[in-house]
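Coordinate inspection notes
Read off the chains here:
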Amino acid sequence: MHHHHGETDTYRVSIGHLFLLRCLSADNHANVTWSRGGGDPSLPPGVEVREGLLWFLPVQMSHDGVYTCEKRDPPGALRATFGVSVSRGKCPDPPEYKSLSLEVPGSLSCKQKEIFHLKSTRNVRWMKDCRPMEGGGHVTVDHGGLMRLSAASRGDSGNYTCLVDVSVDGRTYTAARSIRVTVDKGIEGTLAVKPEVVYPQHKVLLVQEGARVELECLASIGFSEDPETSMYWTVNETDTDGHEELHDSWKFVHHRGRVFGESTLSISNVRRHFLNVPIFCWVLNPGGSHKGDVWLQEADHRALYTAVALGLSSSLALVLLFAVLVFFRVDLVLAHRKLLRTFSKRALDGKLYDAYVSFLPPDGPGSAEAASLALGLLPEELEEQHGYSLYIPGRDDCPGEAVHDAVAATVRRCRRLIIIISPEANPPPDGRTEPRLCYEQKVGLHDALTSNDPRVILVEVGGPVDYSRLPESLRYVRRRHGALRWRSTRGASRSFWKSLRYHMPSVPSGGARPPSELSHRRTARLLRNPCV
């Protein structure tokens, strides 16, 4: 365990006053123990420990002596010894001496930080030579107990005591601290230069309540470090010692042969009463004084909130639009095609048919359903209702023609190749029989894979199809373009016809033909295929 022994500091107090003693840097929640003298754990009557602080309620002559505190934490232990010197006078002896320059502004700090942290301060007043001070125009005292003299005179020399009245446990106590002031030097005959705060000057800083902020101040001092120079901050005309959230420090800095003072005010927690009040940085030396001001204002986040709301609304709108496009893509495309038919016609591409319908001959339940779909339902829906032109083997081919040549030529004159497959297209599980493909399927798949013309539309009927046992060409088309599944139920069939039309090419202007025109379409088909 590491131990640190602090040097003995002596505090001068007088009987009848409240006095608080803190163990170095220990906070209110630290594990601190106090003892008197050489380690006696018992404390005299009127002395007690509260939240790590040693309270004298109030100071008595019997309290004179040495007190030791020990703070224990994980890194180790810290031990410090303090002397308490008690006097019988009305005011305590001054432990501090300060020199002021004649006819130069000066200030005295109450320096009772522990008392002001009690948050129960009732009254702050100063006494000179233990007598109440008479009100004068050149002496002012702010709420934090800081006393300022606008221009020190030789008559201002003496002992000053800051008295603070506080309420503890329903009783009123008075804490006191003294300082010895001498005014023995004027600015005449000296080389002191009046200091000047370079920044801040009328600065406004946007902050958020509860945030941590550090304020910087730079002051021009002159050409040498004057030991009587000081820098300090005030918040709404109160000294920073009166606020536990405030901590200030300063130092000399040199730049290009000149001396500057650099001060920092650290605000650990921006409170509401720190906003919209003047925060002054003061610089003071025998040559005079100067100040710079900064104002803290709460940041207005309404514009940010509006921008975030608009951004979220736009993102939500885009997501909804994307969802509409995804879920209603087929309907939108079909509606767009229907609209374009009124204003445009299909460009000539040398094709004779919109689709070639290929299916296996019926030798099973699935194949019979495929033949019914190819020979009956597809013509009724696509040709008679929507004006497509289909080539269907068994209906449109001529008997006795050179089958292979005619099929290959016909497939290449179609814009789509509709392949209707069923579970019967799979070979037996033992794999002894190769899966069957029609010649037009082989030709169409070859052209589709080499030149993407015609585009292939797979339609499944009669149940799920095991593509792992089909040729690689069909598996590739299935992976790339998917497959439509025919179901005879009403809702499923409507979705099927929409999806099939989505994959079909656009038709010329005129769309679906009325019944009176069906005979003309049959006549046109006979002209193309006179053998039908």
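One structure accompanies this document, and this report is about it. Keep in mind it's a predicted model, so treat the numbers as computed, not measured. (Residues numbered from 1 in each chain as written. Predicted model: local features only at pLDDT ≥ 70, side-chain atom pairs only at ≥ 80, totals over all residues. Heavy atoms only, no water.)

**Regarding the sheet that holds strand S13 (residues 139–141)**
Spatially, the 3 strands line up as an open sheet ordered S10-S14-S13, and their pairing is antiparallel. The sheet is open, and its two borders are formed by strand S10 (106–108) and S13, each paired with just one other strand. Across the sheet, the mean angle separating the axes of adjacent strands is 20 degrees when strand polarity is ignored. Bridging between S10 and strand S14 (residues 147–149) involves 3 bridges; their strand directions are antiparallel. In the strand pairing of S14, Leu108 is matched with Met147. (Pairing = 2+ DSSP bridges. Helix = DSSP H or I, 4+ residues; strand = E, 2+ residues; numbered from the N terminus. Axes fitted to C-alpha atoms, helices over the stretch in contact; angles between N-to-C directions.)

**A short note on the sheet that holds strand S17 (residues 196–199)**
Backbone hydrogen bonds are what pair the strands of a sheet, in a parallel or an antiparallel way. The 4 strands lie next to each other as S17-S19-S23-S22, forming an open sheet whose pairing is antiparallel. At either margin of the open sheet sits one strand with a lone partner, and together these are S17 and strand S22 (246–255). Looking at each pair of strands side by side, their axes are set apart by 30 degrees on average, direction ignored. Pairing geometry for strand S19 (residues 213–222) and strand S23 (residues 258–267), over 9 bridges, is antiparallel. Of the residues in S23, the one forming a bridge with Ser220 is Phe260.

**Remarks on the packing of aromatic side chains**
By the definition in use, this model includes 13 aromatic pairs. Ring centres of Tyr353 and Tyr391 lie 5.2 Å apart, and the angle between their planes is 70 degrees; this geometry places the pair in the edge-to-face category. Linking Tyr353 in strand S26 (residues 353–359) with Tyr391 in strand S27 (residues 390–391), this pair joins segments that are 38 residues apart in sequence. Summarising the burial analysis for this pair, Tyr353 and Tyr391 share the class buried. (Phe/Tyr/Trp six-rings, centres within 6.5 Å; stacked < 30°, edge-to-face > 60°. Buried < 20%, exposed > 50% of the residue type's maximum accessible area, 1.4 Å probe, protein only.)

**A word on the nonpolar core**
Core analysis: the biggest nonpolar cluster contains 27 residues, and Leu18, Trp126 and Val164 have the highest contact counts within it. Listed by contribution, the elements that provide at least two residues to this core are strand S6 (53–56), strand S9 (97–102), helix H1 (113–116), strand S11 (121–128), S14, strand S15 (158–168) and strand S16 (171–186). Discounting residues that sit within four places of it in the chain, Leu18 has contacts with Trp55, Phe56, Leu57, Pro58, Ile115, Leu118, Val166, Val168, Tyr173, Thr174, Ala175 and Ala176. (Core = buried A, V, L, I, M, F, W, Y, C linked by side-chain atoms within 4.5 Å. Contact = heavy atoms within 4.5 Å.)

**Focus on the pattern of salt bridges**
With the rule as written, the count across this model stands at 20 salt bridges. For Arg22, the salt bridge identified is with Glu114, shortest N-O distance 2.9 Å. One end of the pair, Arg22, is in the loop between strand S3 (19–21) and strand S4 (31–36); the other, Glu114, is in helix H1, and 92 residues separate them in sequence. When the shortest N-O distance is used, the salt bridge between Arg271 and Glu245 registers 3.1 Å. Placement of Arg271 in the loop between S23 and strand S24 (278–285) and of Glu245 in the loop between strand S21 (238–239) and S22 is noted, with a sequence separation of 26 residues between them. Overall, Glu245 belongs to the buried group, its relative accessible area being 9%. A single network of salt bridges, built from pairs that share partners, joins Glu48, Arg50 and Asp169. (Salt bridge = Lys/Arg side-chain N within 4 Å of Asp/Glu carboxyl O.)

**So, the state of the cysteines**
Enumeration over the complete set of coordinates arrives at 4 disulfides. Note on cysteine connectivity: Cys91 is disulfide-linked to Cys130, with sulfurs 2.1 Å apart. Of note, the bridge from Cys91 to Cys130 carries an S-S torsion of about 95 degrees and is right-handed in sense. Of this pair, Cys91 sits in the loop between strand S8 (76–87) and S9 while Cys130 sits in the loop between S11 and strand S12 (131–132), and the two are 39 residues apart along the sequence. For Cys91, a relative accessible area of 12% puts it in the buried group. Cys130 gets classed as partly exposed once you look at its relative accessible area, which sits at 24%. (Disulfide = S-S within 2.5 Å.)

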